[in-house]
Amino acid sequence: MTSVRLTEIIRTADKKAITRQLRELGYFDCKKHKELRNLLIETLFKGDMEETDIFHDSKFKLNYQGAIVINVNGYEQLEFILVNINGHKNVFPTNLLIWAKEIDNDNV
């Protein structure tokens, strides 16, 4: 995924729309994956990360920000997408979505 494409997806600032689009692009929810559901977030933060800008939902109650994470030690064959959903004051995350997809080496 390119940062431009992820920005387009995150810009919707709608959890259901973001989830639908990631699923359509072949990503899977790590929370539902047998092996990845216990992956430590600190492991992901040691990879190479590129973040999107922050976008507000239509009611200005939630902020959405995405990130592409690659080169995660032990998971080099995967590309991770993080979707951070915060309250409008960015005090505490209200939700963190973690999606992954196997990297297509033919298109790298």
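A brief report on the enclosed structure follows.

Reading guide: rules and limits
Residues numbered from 1 in each chain as written. Predicted model: local features only at pLDDT ≥ 70, side-chain atom pairs only at ≥ 80, totals over all residues. Heavy atoms only, no water. Helix = DSSP H or I, 4+ residues; strand = E, 2+ residues; numbered from the N terminus. Rg over C-alpha atoms; globule rule 2.2 N^0.38 Å. Buried < 20%, exposed > 50% of the residue type's maximum accessible area, 1.4 Å probe, protein only. Contact = heavy atoms within 4.5 Å. Areas by Shrake-Rupley, 256 points an atom, 1.4 Å probe, with all protein chains shown as cover. Salt bridge = Lys/Arg side-chain N within 4 Å of Asp/Glu carboxyl O. Pairing = 2+ DSSP bridges. Axes fitted to C-alpha atoms, helices over the stretch in contact; angles between N-to-C directions. Nonpolar A, V, L, I, M, F, W, Y, C, P; charged D, E, K, R; others polar. Arc of directions from axis to C-beta. Phe/Tyr/Trp six-rings, centres within 6.5 Å; stacked < 30°, edge-to-face > 60°.

## Details of the overall build of the chain
Part 1: A tally of regular secondary structure across the chain gives three helices and six strands.
Part 2: Start at the N end of the chain and walk to the C end: the helices and strands fall as α-α-β-α-β-β-β-β-β.
Part 3: Relative to the globule expectation of 13 Å for 108 residues, the C-alpha radius of gyration of the chain, 13 Å, shows essentially globular dimensions.
Part 4: For the chain, the C-alpha atoms occupy an extent of roughly 40 × 25 × 25 Å along the three principal directions.
Part 5: Within the chain, the fraction of its 108 residues that count as buried is 37%.
Part 6: The long-range fraction of contacts in the chain, counting pairs at least 24 apart against all pairs at least 6 apart in sequence, stands at 52%.
Part 7: Summed over its atoms, the accessible surface of the chain is roughly 7,100 Å², and 49% of this surface lies on carbon and sulfur atoms.

## Looking at the pattern of salt bridges
Part 1: Throughout the structure, instances matching the rule amount to one salt bridge.
Part 2: Here arginine 5 and glutamate 8 are joined by a salt bridge, their closest N and O atoms 3.2 Å apart. One end of the pair is arginine 5 and the other is glutamate 8, both in helix 1 (residues 3-10) and three residues apart, which spans about a single turn.

## A word on the pairing of strand 4 (residues 62-70)
Part 1: Of all nine residues that make up strand 4, seven are buried, and the element is covered over most of its length.
Part 2: Taken together, the four bridges between strand 2 (residues 48-51) and strand 4 define a ladder with antiparallel strand orientation. What sits directly across from glutamate 50, in strand 4, is isoleucine 68.
Part 3: Relative to strand 4, strand 3 (residues 55-56) runs antiparallel, the two being bridged by two bridges. By the bridge assignment for strand 4, phenylalanine 55 is matched with tyrosine 64.

## Considerations on the packing of helix 1 against helix 2 (residues 15-24)
Part 1: At a minimum axis distance of 9 Å, the contact between helix 1 and helix 2 shows a crossing angle of 145°. Counting all contacts with helix 1, which are made through Arg5, Ile9 and Ile10, the residues of helix 2 involved are Ile18, Gln21 and Leu22.
Part 2: Per-class residue counts for the contact of helix 1 with helix 2 are four nonpolar, one polar and one charged.

## Let's talk about helix 1
Part 1: All of the buried residues in helix 1 are Leu6, Thr7, Ile9 and Ile10. The buried residues of helix 1 occupy an angular sector of 160° when the element is viewed end-on, so they sit on one face.
Part 2: Looking at the buried side of helix 1, the elements it contacts are helix 2, strand 3, strand 4 and strand 5 (78-87).

## Here's the deal with the packing of aromatic side chains
Part 1: All told, the structure shown has one aromatic pair when counted by the stated rule.
Part 2: Their ring planes at 80° and their centres at 6.3 Å tell us that tyrosine 75 and phenylalanine 80 sit as a pair that is edge-to-face.
Part 3: Look at tyrosine 75 and you get partly exposed, because its relative accessible area is 24%.
Part 4: Taking relative accessible area as the criterion, phenylalanine 80 reaches 0% and is therefore assigned buried.

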